[in-house]
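Chain residues, written in single-letter form:
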Amino acid sequence: AGVQGFYQVLFACRVRKVSQVKVLDLQPEKADQLCYRLREVLPQIRVKVVRTAEDLLEESQIVITATPSLKPVMPDNENLLRGKSYIAIGSYKPEMRELPEALYCLIDQILIDTEHGLEESGDLLTPLERGWIDRGRIVKFGSFLADREKSIGSSETTLFKSVGMALFDIVVAEKIYKKALEKGIGTCMD
């Protein structure tokens, strides 16, 4: 329920028709605060706090994890994990993991934003080292988008694992800067 969580929810609600958002955090007061903020900017969407990962997974179609956890934040239960789209943006160090082993059994393809993730994220390193997945199942997101023949079925279990890259931030910042200049908004600084 941190800064990343807020913006991830806004993005998901922008690109998909979302009717309900569930928020889970180890600190209930942070979850309450995030729900309050989301209700202000997304009044048409039902936003609620849940107290367990099982409650969060029930009826969810999109699951976004944005934690610095050292161990999986969801139960190792294929029945609860199946048929959802996962966006994992935490676990940016080799010792970190957000995702349980059972999830890797359900996924045909893992989409990644950069090859660096294979060296940096425990959610990629651990499954590769332990044989839960093989390297051939990991596809760069750009390659996936460029291949017009491929598509993902709505009932499949999917994973996009992001570790980010400063270059992405620079490209987005430039686009925002140019848009601000076009609209004549913002603050000029020396």
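Only a predicted model underlies this, so the values are computations on that prediction, with no experimental measurement involved.

Focus on the pattern of salt bridges
Here is step 1: Tallied over the full model, the rule gives three salt bridges.
Here is step 2: A salt bridge links Glu78 to Arg82, with the nearest nitrogen and oxygen atoms 3.3 Å apart.
Here is step 3: Taking the shortest distance from any N to any O, the salt bridge between Glu174 and Lys178 comes out at 3.3 Å. Placement of both Glu174 and Lys178 in helix α9 (residues 166-183) is noted, with a separation of four residues, approximately one turn of the helix.
Here is step 4: For Lys178, a relative accessible area of 47% puts it in the partly exposed group.

Details of α9
Here is step 1: The terminal C-alpha atoms of α9 lie 26 Å apart, and with 18 residues this matches the ideal 26 Å at 1.5 Å per residue to within 8%.
Here is step 2: The buried fraction of α9 is low, at one of 18 residues.
Here is step 3: The first or second residue beyond α9 is Gly184, which carries a positive phi of 70°.

Structural notes on the pairing of strand β5 (residues 107-112)
Here is step 1: Looking at chain direction, β5 and strand β7 (residues 157-161) are connected through four bridges and run parallel. Paired with Ile110 across the strands is Leu159, a residue of β7.

With respect to helix α1 (residues 3-15)
Here is step 1: Helix length check: α1 (13 residues) gives 19 Å between terminal C-alpha atoms against 18 Å at 1.5 Å per residue, within 8%.
Here is step 2: All buried positions along α1 are accounted for by Gly5, Phe6, Gln8, Val9, Ala12 and Cys13. The buried residues of α1 occupy an angular sector of 170° when projected down its axis, which confines them to one face. For α1, the exposed residues set more than 90 degrees away from the buried face come down to Val3, Phe11, Arg14 and Val15.
Here is step 3: In this structure, the buried residues of α1 make contact with β1 (20-23), α2 (28-41), β3 (62-65) and β4 (85-88).

Parameters at a glance
- Residues numbered from 1 in each chain as written.
- Predicted model: local features only at pLDDT ≥ 70, side-chain atom pairs only at ≥ 80, totals over all residues.
- Heavy atoms only, no water.
- Salt bridge = Lys/Arg side-chain N within 4 Å of Asp/Glu carboxyl O.
- Helix = DSSP H or I, 4+ residues; strand = E, 2+ residues; numbered from the N terminus.
- Buried < 20%, exposed > 50% of the residue type's maximum accessible area, 1.4 Å probe, protein only.
- Expected span 1.5 Å × (residues − 1).
- Pairing = 2+ DSSP bridges.
- Arc of directions from axis to C-beta.
- Contact = heavy atoms within 4.5 Å.

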